[in-house]
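For reference, the chains in residue letters:
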Amino acid sequence: MADTTFPKHKVLPWPAVPIPTPDEVYRGLTDQAKEYPLSLEAQLRQSDNFKKPENLTTVRVLDVSKGMIIGNWCSSMLSELGADTIKCEPPDGDPLRWLTPFGRKEYMFKDAETGEPIGLHFLHEMRNKQSITLDLEKEEGRELLKKLVVHFDVLIENYPPGQFDKWGIGYRQLKEINPRLVYAWVGQKGQWGPSKDKPGNLDPTAQASCGFVHGTGLPKEFGGRPTRSAMWMADQAGGTSTAMGILASLLYRDKVSGKGQFVEGTAAEAVIRILDYNWAWYGMDGSIRPRYGNWDLAINIYAVNPCKDGYFMVGGGHDRLWYRIWRTVGQTRADLEDEILDDKSLRVVVARLPHTKQVKTYTVLADWQKDHSRADAMRELLAQQVASGGVNYVDEVAEDPHFKYRGHVDQFEDRLYGKVLYGTTPFIQHKAPGRLKWIGRPLGYDNEEIYLKLLGLGGGDLAGLKKRGVV
Amino acid sequence: MATAPDFETYCQELFDHKTAFGKPEVLKGYRVLSCTQYILGPSCASYLGELGAEVIKIEAPRRGEPMRHTTPFNEPLLYPLSRWAPEAGTGLGFFGANFNEEFVSLDFHRPEARQAMSELAAKSDVMVQNYRPGTFDRWGIGYQHLSKVNPRLVYQWLGGFGGWGPGRVRASYDILGQAQGGAFGITGEAADRGGTPAKHTIWLADYWGGMMAAVQVLAALYWRDTVSGEGTFIEYSQVHGVTRMLEYALPLYGRYGIRRERWGNWDTELCVHGIIQCGKSSYPDSKNPQEAEVGYILVTAHTDEDFKKLCDVIGRKDLATTYAKHDDRVKAQNQEPVYEAIEAWAKDKTKEDVAKLLDKAGILNQPVWNAKEVSEHPHWKLRGAVQWIDDPMYGDIHAQGPAFKMSDTPPRVKWTMKPVGTDNEKVYGRLLGWSKSKIAEMEDAEVI
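Quick notes on the rules
Residues numbered from 1 in each chain as written. Chains lettered and ligands numbered in written order. Predicted model: local features only at pLDDT ≥ 70, side-chain atom pairs only at ≥ 80, totals over all residues. Helix = DSSP H or I, 4+ residues; strand = E, 2+ residues; numbered from the N terminus. Buried ≥ 20, exposed ≤ 12 C-beta atoms within 10 Å, placed from the backbone. Contact = placed C-beta atoms within 7 Å. Nonpolar A, V, L, I, M, F, W, Y, C, P; charged D, E, K, R; others polar. Pairing = 2+ DSSP bridges. Axes fitted to C-alpha atoms, helices over the stretch in contact; angles between N-to-C directions. Expected span 1.5 Å × (residues − 1). Arc of directions from axis to C-beta. Domains from an automatic or database assignment. Core = buried A, V, L, I, M, F, W, Y, C linked by C-beta atoms within 7 Å. pLDDT = per-residue confidence, 0-100. Parallel < 35°, antiparallel > 145°, perpendicular 65-115°, else oblique.

Glancing now at the overall build of chain A. A tally of regular secondary structure across chain A gives 20 helices and 14 strands. Counting only residues that meet the buried cut, chain A has 57% of its 471 residues in that class. Once local pairs closer than 6 in sequence are excluded, the contacts in chain A between residues at least 24 apart make up 69%.

Here it is, written out as structure tokens:
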């Protein structure tokens, strides 16, 4: 499995620095002060997850989406919470499976059984899912899908608008076969409307079409451009919001109607929904939200500016914190504290919001930051209970003691893929928490099991389907 | 199927937001207590409110929660702030995180509040709160207390770092969640191209984190109502959510020690799939600098066939030969000349010019739209992604619609927000049986 020629540098084991023990974390606290965090920990610690049930064990999900992370992300939400989730791919695989940054094949992992490579982006969203293959381009494949959906509560698809309907496997047809089915379509801009999705539309299409890109990045005057998220962030938002719609539909089905329904989730509309006051502001006076870089239009202090060793965030939107921040600054730079406190125009919270006031605030603050490392700045501000912290690079995220201790980042030893460092599910819960059961599966790994279990197709049948290229 | 409408018409009728009010609501009969401030907690409750839950937002008397006092450059405000302050306004920072809610006031510090909260929790399905960890426990209204009053209660705490572990005392804001969780450091132009890390402009970690929390609440309700009959305690850490979003970054670092870095407006996994600058503004005569700026557009041509077409359009057939395979053009050192060639071609064009030429050639593209272009676009208007709402308190308001659509029980926006304490009589009278004089007494004592 291991490629001995790559990488050439020495890779530190994870964790490079040991995870702190409870004794180290709570050292120096009185018994009374320890009591609350320890009681929380006893309810929520992730090492106890497998002693507990899961929220969605009664739900079965079929994800036939491909080529776009929104569908995978949506089904991850459900699979992390316990839904029995099957990823149904074309016989040559979901195209995402083969994607790797900068085309570097050496980054791909290989599983221990088949040796088939898998891209890490795809792998990260294959959690707790089984993989089967099915060619929906073929009539026989579509007939099989109709038989499969009888066994499912949820179907997620992202084919071009109307494609499934034309094939006779759209919502209109499948609801006749399984009236309890919750049918979810996901995409960038929707199945209907003058700019509806075109085949091939991928995030950041949604990011660019919803106002997000225009508003992100430094202003032109500061040398910036409209900026996309590094992630396919709109797909992530769209996948999460669609999961809300799916869960609400299941709840309604099982409590009220007995019937499934049609859910449509788009990456762009999820981001439009969360673009705070953009639309109200435009509606009031025609304002077009400008880019404001790493500062905030509506809150001062609330910004990322440079420190000696990287970028650093300081936040304090009200007076108590404002004065604590300047007191902290004053400990090493009394002149800077004085400069701010002497400025009468900065005395009232809302008077600090106009652009010129923000420039003044951050010019002075950055003067203090430039002589501080991120760690020193944080230590001094935290002593005054001011929210602050560095812009973490990925290695710092992986080694953050808080994240390691709570298991936000963890290394999973997968039966097929070996040790995999990954971002764990944020669904931390007392009674029925989310969890990771396996990290992913090679293409079609579960064909035998699923087709036999759900459709009674044995080895001979499957061999026939394989020969005809259906699976 | 002879008389069936075509699929697009069918969908448009099924999902038309104007028919939403003729359809039932999915969370009818569920009551949510929202003891929240800022964005993360409020937005979680708002999403449940859009699905039809009865959401009671409980704020500090008089001033309300801090977000009401934030607004861009301290300019736009919606009046009034509270039932006590008709001359003051609510800042737009508050807008979008508190749809369809009833607004009551209560000072949690007071002993009377504990009794009121306990009585409200006895009749509620969900409690959402985002005070510092342990604060509500100290006030006698934590999970340990309220789950005894109501074992079916789904109690959601949300916040930056969580209530246990080395960072438990740290406060957080959206921007800090983005920074510490890792999304900030990988977004923005690379250092050698003059860039810095970049914040996602929306309060992404908060607004999207609220969605994550709402997903978890819905799953917990589903489990309660179809399986166990039990409530539960949920702890959502906003920083944790951001770390979940880093795609391939952690597996790559874990096995190979390779650190994902910023890659600006291009894509690390696909090429061509990036945002380029067009040399001309679409509105050269506009006095608004947002419009006077030059345009930008996303160009997608990562398949060999599309890339070849693109090279034809930009008059650089040579590139189609040099970088014939995707594995070639997606390499870091090869993306640069490819995008430079496209930008050079777009230098004398607006984003609309570029879109038109690419459309004609069958190449996918998406102009970078600003808030005005999105608001006025027929696609978003037709779909109700943005819509004018006849708000009973604030009049005509231009607002976003719900994040997703449902055929039978659609989410909807009924009203956008209300002043602090608007529903005191209604809620305390109906749910706690407080008389008019008791409400007045509590108000005088500034308990509510």
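The structure having been displayed, the exposition proceeds.
The helix and strand inventory of chain B stands at 20 helices and 14 strands. The principal-axis extents of the C-alpha atoms in chain B amount to approximately 80 × 55 × 55 Å. With 448 residues in all, chain B has 58% of them scored as buried. When contacts within chain B are restricted to residue pairs at least 6 apart in sequence, long-range pairs at least 24 apart make up 67% of them.

Facing the 153 residues of chain A at the interface are 148 residues of chain B. Ranked by the residues each element gives to the side of chain A that touches chain B, the list is headed by helix α10 (residues 233–257) of chain A, at 17 residues. Grouping the constituent residues of the side of chain A that touches chain B by class yields 83 nonpolar, 51 polar and 19 charged. By the bridge criterion, two bridges tie strand β14 (residues 428–429) of chain A to strand β8 (residues 232–237) of chain B in an arrangement that is antiparallel. Note that in β8 of chain B the partner of I428 of chain A across the bridge is E235 of chain B.

Turning next to the sheet that holds strand β2 (residues 84–89) of chain A. Read across the open sheet, the seven strands follow the order β5(A)-β2(A)-β1(A)-β6(A)-β7(A)-β8(A)-β14(B); overall the sheet is mixed. The sheet is open, and its two edges are formed by β5 (129–133) of chain A together with β14 (404–406) of chain B, each paired on a single side. When strand polarity is set aside, the average angle formed by the axes of neighbouring strands in this sheet is 20 degrees. Pairing of strand β1 (residues 60–63) of chain A with strand β6 (residues 154–157) of chain A involves three bridges; the strand directions are parallel. Looking at the pairing, L62 of chain A lines up with L155 of chain A of β6 of chain A. This element, helix α11 (residues 267–274) of chain A, spans β8 (262–266) of chain A together with β14 of chain B of the sheet and lies at about 70 degrees to β8 of chain A.

With that settled, the discussion passes to helix α13 (residues 319–332) of chain A. Residue and element names in this part refer to chain A. End to end, α13 covers 21 Å across 14 residues, agreeing with the expected 20 Å (1.5 Å per residue, within 8%). For α13, the full list of buried residues reads W322, I325, W326, T328 and V329. The arc that holds the buried residues of α13, viewed along the axis, is 150 degrees, so those residues lie on one side. Exposed residues pointing more than 90 degrees away from the buried face of α13 are listed as D319, R320 and Q331. Where α13 is buried, its residues touch β10 (310–315), α14 (334–341), α15 (355–369) and α16 (374–382).

Turning our attention to the pairing of β8 of chain B. Residues and elements named next belong to chain B. In terms of burial, β8 is a largely internal element, six of the six residues being buried. Burial along β8 is two-sided: T232, I234 and Y236 facing one way and F233, E235 and S237 facing the other are all buried. Here strand β7 (residues 154–159) runs beside β8; their pairing, made up of six bridges, is parallel. In the sheet register, G159 faces β8, and the bridge partner there is S237.

Residue and element names in this part refer to chain B. What the three strands build is an open sheet, ordered β9-β10-β11; its pairing is antiparallel. Single-partner strands in this sheet number two, and they are β9 (273–277) and β11 (364–367). Neighbour-to-neighbour, the strand axes of the sheet open up by a mean angle of 25 degrees, direction not taken into account. The sheet contact formed by β9 and strand β10 (residues 296–300) spans five bridges and is antiparallel. Along β10, the bridge assignment pairs H273 with T300. With respect to the sheet, helix α15 (residues 332–345) is in contact with β9 and β10, its orientation differing from that of β9 by roughly 40 degrees.

The next subject is the pairing of strand β5 (residues 101–105) of chain B. All names here are of chain B. Taken across its five residues, β5 has four buried, putting it largely inside the fold. Alignment of strand β2 (residues 54–59) against β5, held across five bridges, turns out to be parallel. Counted as the bridge partner of I56 is E102 from β5.

This next bit is on unusual backbone geometry. Between W14 of chain A and the following residue, P15 of chain A, the backbone shows a cis peptide bond with an omega angle of -5 degrees. Relative to the helices and strands, P15 of chain A is located in the segment before α1 (22–25). That bond from Y79 of chain B to P80 of chain B is cis: its omega, 0 degrees, falls within 30 degrees of zero. Here P80 of chain B is to be found in the loop between β3 (77–78) and β4 (90–91).

What follows concerns the domain arrangement of chain B. Annotation of chain B at the domain level lists domain 1 (16–244 + 387–444) and domain 2 (273–376). The distance between the C-alpha centroids of domain 1 of chain B and domain 2 of chain B comes to 40 Å.

Glancing now at the nonpolar core. Within the largest apolar cluster, 272 residues are counted, with the highest numbers of intra-cluster contacts made by L155, A184, L247 and V271 of chain A together with L48 and L218 of chain B. When residues in this core are grouped by element, the largest group, 16 residues, is from helix α8 (residues 204–228) of chain B. Once residues within four sequence positions are removed from consideration, L48 of chain B is found in contact with L27, V32, A53, V55, V126, A214 and V217 of chain B.

Let's shift gears to the environment of M127 of chain B. All names here are of chain B. Its place among the elements puts M127 in strand β6 (residues 126–129). Put simply, M127 and L358 are 231 residues apart on the chain and 51 Å apart in space, counted from C-alpha to C-alpha. Residues contacting M127, with those up to four places away along its chain left out, are L33, A121, L146, L153, Y155 and Q156.

A separate point is the domain arrangement of chain A. Each assigned domain of chain A is listed here: domain 1 (60–274 + 441–467) and domain 2 (302–392). For domain 1 of chain A versus domain 2 of chain A, the separation of C-alpha centres amounts to 44 Å.

Turning our attention to helix α19 (residues 424–432) of chain B. Residues and elements named next belong to chain B. Along α19, the residues that are buried comprise N424, V427 and Y428. Within α19, the buried residues cover an arc of 85 degrees as seen down the axis, which keeps them to one side. Taken together, the buried residues of α19 touch β2, β5 and α20 (436–444). Once α19 finishes, G433 follows within two positions and takes phi at roughly 70 degrees, a positive value.

For the rest of this paragraph, the subject is the environment of I118 of chain A. Residues and elements named next belong to chain A. For I118, the location among the structural elements is in strand β4 (residues 117–118). Residues I118 and W98, 20 residues apart in the sequence, show an inter-C-alpha distance of 6.0 Å. In this structure I118 touches R97, M108, F109, L123, G440 and P442, once residues within four positions along its chain are discounted.

Regions with low pLDDT should not have their predicted coordinates read in detail. Averaged over chain B, the pLDDT score is 96; the fraction of residues at 70 or greater is 100%. As scored by the predictor, the complex reaches a pTM of 0.97 and an ipTM of 0.97.

As a further point, take the packing of α14 of chain A against α15 of chain A. All names here are of chain A. Two elements in contact, α14 and α15, have axes separated by 10 Å at closest approach and are oriented at 170 degrees. If you check the angle between α14 and α15, you find them roughly antiparallel. For the pair α14 and α15, contact is made by L336, E339 and I340 and by V364, D367 and W368, respectively.

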